[in-house]
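# Examining the three-dimensional arrangement
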Amino acid sequence: MSTSATIAAAAAVEAPVSPLARIYGEPLVQMPHDLYIPPDAMAVMLDAFEGPLDLLLYLIRRANVNVLDIPMAPLTEQYLVYVEAMRSQNLELAADYLVMAAMLIEIKSRMLLPRPKAAVGDDAEDPRAELVRRLIEYEQMKRAAQALNQLPQAERDFDWVEVWVEKTLLRRLPEVTVLDLQNAWRGLLRQAKLHARHLVQREELSVREHMTLILRRLRDAGGFVEFVDLFDPALGAPVLVVHFLALLELAREHLLEMTQMEAFAPIYLRLTDARGDFR
Amino acid sequence: MPVVTSGKAMAPPPAALPPDTTAVKRVLEAVLLSTREPLTLADLRRVFADQVSAEVLRGLLDELHSEWRERPLELLPVASGWRFRTRAEYMPYLERLHPEKPPRYSRAVLETLAIIVYRQPVTRGDIEDIRGVTVATQVIRVLEERGWVEVVGHRDTPGRPALLATTRKFLDDLGLCSLAELPALEQINSTLDLADAQ
Amino acid sequence: MPVVTSGKAMAPPPAALPPDTTAVKRVLEAVLLSTREPLTLADLRRVFADQVSAEVLRGLLDELHSEWRERPLELLPVASGWRFRTRAEYMPYLERLHPEKPPRYSRAVLETLAIIVYRQPVTRGDIEDIRGVTVATQVIRVLEERGWVEVVGHRDTPGRPALLATTRKFLDDLGLCSLAELPALEQINSTLDLADAQ
């Protein structure tokens, strides 16, 4: 077998003299020196391989052989040397390694048998086919794992950015709707039975709004305002009337003071509390 | 995309002071932008393996503060160190991503507001008469601080109590043009009567 | 400091497209820098009350990406959206602040991950077939706890084994938008040369 010569050369297996040991019935003549591992390094070596496929790939690589044409005899021999070495170190040998050993021996045996002749044009199934398929797939995944590990990875190669957000910067204010106001008012009425005493009309609300407008106007003026200046004819008669009613209501409530020096003289208004106002 | 190849390429930076301060500032930015907690000057010195003095760092932090002036984040010294934070004006946008339920006013505040709305101008005494309970100063203050209620005058009675009324802002915030747009009280009263009749 | 005080100011910003795109970009920066989760275009549209189109936003995100080119952070689209991250060259400085060592995975974990990535959905049995060894429960758990791998179903065979697949977070953490961006599987040369072994 010329291919086996390749791997044998690479592994520097010397011509058999006398077996050192028998491993799975195979005579071991000499520890292949590239495979010899000092006993105390064995534990480290065990960790170095991820399993039987990884170990096989290592052996094939060292021999620089074509994975599609694996020389089964030397490969099996080297594999068994390694496994036996592991066992002799009393290391807990994973069953996976032994399963692979059995598979290798089986393939090797089948290689020795004459191949069954398949139909014309069909390739006979090579006993190594399944092993080769598995080796190639494992090799592919092993390299994919290395490639994945080279990608930048969160927390190892970069951090995500998250800047402090101070929630208190956003003062959330309660929202009030017209409905809330109605409900509050309804609650008040129910509670105080006010609806008898305060029969309020829509117009009255307008009057109240205008009372506020006039008060604010007088407050901002800070002193006397002429009566006619409080009215804007452009707003139309209904508004003027409501405005006037508001004025009367304010006078009735003594909230403003009206003065007129003589008949037909200008009427002046000011807030009652503006008298002697120091503000 | 430049692929970082391994932990190998990540070797620690040179221990000596990086030659130009721009590089130091970039590192400060990277560190401060990716850390939520404030970083003390001691932390930041540690980032540079204590090869950059606290004085230099303080100066660079001030420069960074200025450089970020026009940007959406601000670099601020807080009690426990320096940190970036999002400027207040961007909060409403952030809020849209995680909307929270707005708080509610208490019944006391809502009733007081309703009374001011419908009976304005009113004194605190008026409000107390209607509600039948004392009105806490705090309640009125909440409404004043909100800019919804203001003093528009004083009643000419002993103590010259302040007259409270609603403001233009109140109408704006409720989307109203005038108080006249509020449902008339008589309507409320009638629905109340109806409800009571049930 | 401008404090946003009223409900009004909280109200949605002008409904129309803000006049200048710079303002929109500043908002995008503020939002992206202060959110830990990646933000999708839909999230970002929500930030602008759906008044800015996805196309405009995409263009502005690209501009932002370029604007940050010289800076210590980079803005990237990942599987679940856009997100800022620190550039790899700043990691050694950042690591000085965080004494906890970042996770570095064993070959067993990495190979298991690779098989899940490229062969998903797979059962633990599938992984064991490919690797030729028993897969420790711990190995799968490490990946699940990182949030990179999850059970997406069960194969309808005896024992109904769980089917494992990668998550969106896995893509995010590797800065990828989709599995298609992953390096293609290498074609294994049938002749393995010695150089590989080194």
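Computed from a predicted model, the values in this text were never measured in an experiment.

## A word on the overall build of chain A
Per the secondary structure count, chain A includes 9 helices and 5 strands. Buried residues in chain A amount to 46% of all 279 residues. Pairs at least 24 residues apart make up 59% of the contacts formed inside chain A by residues separated by at least 6 positions. Within the structure as shown, chain A displays about 14,600 Å² of accessible surface, and the carbon and sulfur contribution to it stands at 57%.

## Here's the deal with the nonpolar core
Of all hydrophobic cores here, the largest spans 59 residues; its most connected members are Leu-28, Val-31 and Phe-48 of chain B together with Leu-28, Val-31 and Phe-48 of chain C. Apart from the residues lying within four places of it in its own chain, the contact partners of Leu-28 of chain C are Leu-44, Phe-48, Leu-57, Leu-60, Leu-61 and Leu-64 of chain C.

## Topic: helix 3 (residues 54-67) of chain B
Residues and elements named next belong to chain B. For helix 3, built from 14 residues, the straight-helix expectation of 20 Å at 1.5 Å per residue is met to within 8% by its first-to-last C-alpha distance of 20 Å. Where helix 3 is concerned, the buried positions are Ala-54, Leu-57, Leu-60, Leu-61 and Leu-64. One side of helix 3 carries all its buried residues, which in axial view fall inside an arc of 120°. Those residues of helix 3 that are buried lie in contact with helix 1 (21-33), helix 2 (41-47), strand 1 (73-78) and strand 2 (81-86).

## Quick notes on the interface of chain C and chain A
With 63 residues of chain C at the interface, the matching set in chain A holds 48 residues. Counting the contacts that link chain C with chain A gives 14 residue pairs in polar contact (both at pLDDT 80 or more). Looking at the side of chain C that touches chain A, the elements that each hand over two or more residues are helix 1 (7-10), strand 1 (73-78), strand 2 (81-86), helix 5 (91-97), helix 6 (107-119), helix 7 (124-131), helix 9 (168-173) and helix 10 (194-197) of chain C. Ranked by residues supplied to the side of chain C that touches chain A, first place goes to helix 6 of chain C with 10 residues. Residues belonging to the side of chain C that touches chain A are distributed by class as follows: 34 nonpolar, 12 polar and 17 charged.

## Considering the sheet that holds strand 3 (residues 225-226) of chain A
All names here are of chain A. Taken in spatial order, the 3 strands of this open sheet run 3-5-4, and their pairing is antiparallel. At either margin of the open sheet sits one strand with a lone partner, and together these are strand 3 and strand 4 (256-260). Direction of pairing for strand 4 relative to strand 5 (residues 267-271): antiparallel, over a ladder of 5 bridges. From the neighbouring strand, Glu-257 faces strand 5, where its bridge partner is Arg-270. Together, strand 4 and strand 5 form the strand contacts of helix 9 (residues 237-252), whose direction differs from that of strand 4 by roughly 105°.

## Looking at helix 6 of chain C
In this model, helix 6 of chain C (13 residues) spans 18 Å end to end at C-alpha, consistent with the 18 Å of a helix rising 1.5 Å per residue. Of all 13 residues that make up helix 6 of chain C, 11 are buried, and the element is covered over most of its length. Turning to helix 6 of chain C, its buried residues number three or more, namely Ala-108, Val-109, Leu-110, Glu-111, Thr-112, Leu-113, Ala-114, Ile-115, Ile-116, Val-117 and Tyr-118 of chain C. As for helix 6 of chain C, its buried residues are in contact with helix 6 (129-150) of chain A together with helix 7, helix 8 (137-145), strand 3 (149-154), strand 4 (162-166) and helix 9 of chain C.

## Details of the layout of surface pockets
Roughly 370 Å³ of volume is contained in the largest pocket. Taken together, 17 residues form the lining of the largest pocket, with Glu-155 and Asp-159 of chain A, Ser-34 of chain B together with Arg-36 and His-98 of chain C sitting closest to its centre.

## Some points on the confidence of the model for chain B
Residue and element names in this part refer to chain B. For chain B, per-residue confidence averages 82 on the pLDDT scale, and 83% of positions sit at 70 or higher. Taken together, the stretch residues 1-18 has pLDDT below 50 and engages in 29 contacts with residues farther than four places along the chain or on a different chain. Model confidence for the complex is summarised by a pTM of 0.64, with the ipTM given as 0.66.

## Quick word on unusual backbone geometry
Residue Pro-121 of chain B is reached from Gln-120 of chain B by a cis peptide bond, and omega for that bond is -5°. The topology assignment puts Pro-121 of chain B in the loop between helix 5 (107-119) and helix 6 (124-131). Positioned with a positive phi, Asp-50 of chain C is a non-glycine residue whose angle comes to about 60°. Assignment of secondary structure puts Asp-50 of chain C in the loop between helix 3 (41-47) and helix 4 (54-67). The exposure class assigned to Asp-50 of chain C is partly exposed, which follows from its relative accessible area of 47%. A positive phi is found at Arg-160 of chain C, a non-glycine position, where the angle reads about 40°. Relative to the elements of secondary structure, Arg-160 of chain C occurs in the loop between strand 3 and strand 4. Taking the relative accessible area as the measure of exposure, Arg-160 of chain C reaches 46% and is therefore partly exposed.

## Some words on the environment of Lys-25 of chain B
Residue and element names in this part refer to chain B. Considering the arrangement of structural elements, one finds Lys-25 in helix 1. On the accessibility criterion, Lys-25 (8% relative accessible area) is buried. Each C-alpha atom of the pair Lys-25 and Leu-57 lies 8.7 Å from the other, and the pair is 32 residues apart in sequence. Beyond its immediate sequence surroundings of up to four residues, Lys-25 is in contact with Leu-60, Glu-63, Leu-64 and Glu-67.

Rules used throughout
Residues numbered from 1 in each chain as written. Chains lettered and ligands numbered in written order. Predicted model: local features only at pLDDT ≥ 70, side-chain atom pairs only at ≥ 80, totals over all residues. Heavy atoms only, no water. Helix = DSSP H or I, 4+ residues; strand = E, 2+ residues; numbered from the N terminus. Buried < 20%, exposed > 50% of the residue type's maximum accessible area, 1.4 Å probe, protein only. Contact = heavy atoms within 4.5 Å. Areas by Shrake-Rupley, 256 points an atom, 1.4 Å probe, with all protein chains shown as cover. Core = buried A, V, L, I, M, F, W, Y, C linked by side-chain atoms within 4.5 Å. Expected span 1.5 Å × (residues − 1). Arc of directions from axis to C-beta. Polar contact = N/O pair within 3.5 Å; in protein donor to acceptor, adjacent residues only side chain to side chain. Nonpolar A, V, L, I, M, F, W, Y, C, P; charged D, E, K, R; others polar. Pairing = 2+ DSSP bridges. Axes fitted to C-alpha atoms, helices over the stretch in contact; angles between N-to-C directions. 1 Å grid on protein atoms, 1.4 Å probe; cavity = no way out; pocket = protein on both sides within 12 Å on 5 of 7 lines; lining within 4 Å. Points joined across faces, edges and corners; volume = space filled by probe spheres on them. pLDDT = per-residue confidence, 0-100.

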